Amino acid sequence: MESLSTTAIVVAAKVCPKAPPGAVGPVNEITGYVLWGVIILFGLGVVIGLGAVIGGRIFSMPHASKVGVISIVVVFVAAVGYLVLPGMLNGILGQGCI
């Protein structure tokens, strides 16, 4: 009985998921749009954060300046995560074969 379960585990380990025929192009295009959208959102976050800091200093609103600084820090932490997490997930999950 043990050999049957061992064989099932070995067979399951050789299964690698693949996209259906013709799906690679559209998936790559959508992924590209999403990645560029995220990069644009990072840029907008930095510009808005800088605007909050500058506006808070000009109009003597320390809370706005604090929120601007915090938002800039959050954008940079998210950008680091954007660069680091895909590599970590690839290292943990491998090439997608189960």
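In what follows, the accompanying structure is described. No experiment lies behind these values; they were computed from the predicted model shown.

Let us look at the overall build of the protein chain. Tallying secondary structure elements over the protein chain gives three helices and zero strands in all. In the protein chain, the order of α-helices and β-strands from amino to carboxyl end is α-α-α. Expressed as a percentage of its 98 residues, the buried residues of the protein chain come to 12%. Sequence-distant contacts in the protein chain: of pairs separated by 6 or more residues, those separated by 24 or more amount to 57%. As displayed, the protein chain offers around 7900 Å² of accessible surface, 79% of which is attributable to carbon and sulfur atoms.

Next up on the list: the side chain of Ser-65. In this structure, Ser-65 sits in helix 3 (residues 62-93). Here Val-53 takes part through its backbone oxygen, which lies 3.4 Å from a polar atom of the side chain of Ser-65. Setting aside residues no more than four positions away along its own chain, Ser-65 makes contact with Ala-52, Val-53, Gly-56 and Arg-57.

This part takes up a nonpolar patch on the surface. A contiguous nonpolar patch, built from Leu-50, Ile-54, Ile-58, Phe-59 and Met-61 and spanning about 550 Å² of accessible area, is present on the exposed surface. Relative to the helices and strands, Phe-59 is located in the loop between helix 2 (24-58) and helix 3. The exposed category is assigned to Phe-59, whose relative accessible area is 61%.

Turning next to the packing of aromatic side chains. Under the defined criterion, the tally for this structure stands at one aromatic pair. Note on Phe-42 and Tyr-82: the rings are 5.4 Å apart at their centroids and 85° apart in plane angle, and the pair reads as edge-to-face. Separated by 40 residues along the polypeptide, Phe-42 in helix 2 and Tyr-82 in helix 3 bring together distant segments of the chain. What makes Phe-42 buried here is its relative accessible area of 19%.

Parameters at a glance
Residues numbered from 1 in each chain as written. Predicted model: local features only at pLDDT ≥ 70, side-chain atom pairs only at ≥ 80, totals over all residues. Heavy atoms only, no water. Helix = DSSP H or I, 4+ residues; strand = E, 2+ residues; numbered from the N terminus. Buried < 20%, exposed > 50% of the residue type's maximum accessible area, 1.4 Å probe, protein only. Contact = heavy atoms within 4.5 Å. Areas by Shrake-Rupley, 256 points an atom, 1.4 Å probe, with all protein chains shown as cover. Polar contact = N/O pair within 3.5 Å; in protein donor to acceptor, adjacent residues only side chain to side chain. Patch = residues over 30% accessible without salt bridge, like charges linked within 9 Å, V, L, I, M, F, W, Y side chains within 5 Å. Salt bridge = Lys/Arg side-chain N within 4 Å of Asp/Glu carboxyl O. Phe/Tyr/Trp six-rings, centres within 6.5 Å; stacked < 30°, edge-to-face > 60°.

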